[in-house]
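Here is how the chains run, residue by residue.
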Amino acid sequence: LRDAVTATKNFAGITGTFSIQPLPRLNLSASLMHQDSDYQANDPLLAVTRRDRFDNLTLGATYLIDRRMSLRGEIAYTDNHSNIPLYAYDRVSGAVKLRYEF
């Protein structure tokens, strides 16, 4: 049932990313995404044609501890506007990642 609805969706979007290295071991980044999704068929349960507008902003910082290990922190804000309230949401999430390369 879900595949029948998503198969009839037109979408267009744009993503931009910016990164800067102010110090030899520090990298700062920002990413912005916008996507419009227009469904071409009514939602089978609600009998309404769905239209969504999705936005995401992610800010991050990566610190190189040594040549194999890095620590990254990031925060993201996501907002999905929809003409069907069931699919509308906003969210703030954060993450801390420790990476070791073998």
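Residues numbered from 1 in each chain as written. Predicted model: local features only at pLDDT ≥ 70, side-chain atom pairs only at ≥ 80, totals over all residues. Heavy atoms only, no water.

Novice: Explain the sheet that holds strand S4 (residues 69–82) to me, using residue names and the numbers behind them.
Specialist: The strand order across the open sheet built from 5 strands is S1-S2-S3-S4-S5, with neighbouring strands paired in antiparallel fashion. Of all the strands in the sheet, just strand S1 (9–23) and strand S5 (89–100) have a single pairing partner and so form its edges. Strand-to-strand twist of the sheet, defined as the mean angle between neighbouring strand axes without regard to direction, takes the value 10°. Sheet analysis places strand S2 (residues 26–42) next to strand S3 (residues 49–64), joined by 14 bridges and oriented antiparallel. Counted as the bridge partner of Met 33 is Asn 56 from S3. (Pairing = 2+ DSSP bridges. Helix = DSSP H or I, 4+ residues; strand = E, 2+ residues; numbered from the N terminus. Axes fitted to C-alpha atoms, helices over the stretch in contact; angles between N-to-C directions.)

Novice: Would you mind going over the pairing of S4 in detail, with residue names and values included?
Specialist: Across 13 bridges, the pairing between S3 and S4 is antiparallel. Looking across to S4, one finds that Asp 52 is bridged to Ser 82. Counted along the chain from S3 to the antiparallel partner S4, the turn is 4 residues long. The antiparallel pairing of S4 with S5 creates a hairpin that spans 6 residues between the two strands.

Novice: Before we move on, could you go through the pattern of salt bridges and cite the residues and values that matter?
Specialist: A side chain of one charge can pair with a side chain of the opposite charge if their charged atoms are brought near each other. Counted according to the given criterion, the structure contains 7 salt bridges. Residues Arg 72 and Glu 74 are paired through a salt bridge, measuring 2.9 Å at the closest nitrogen-oxygen approach. Measuring nitrogen to oxygen at the nearest pair gives 3.3 Å for the salt bridge that ties Glu 74 to Lys 97. Of this pair, Glu 74 sits in strand S4 while Lys 97 sits in strand S5, placing them 23 residues apart in sequence. Look at the salt bridges and you will find they share partners, linking Asp 36, Asp 38, Arg 51 and Arg 53 into a network. (Salt bridge = Lys/Arg side-chain N within 4 Å of Asp/Glu carboxyl O.)

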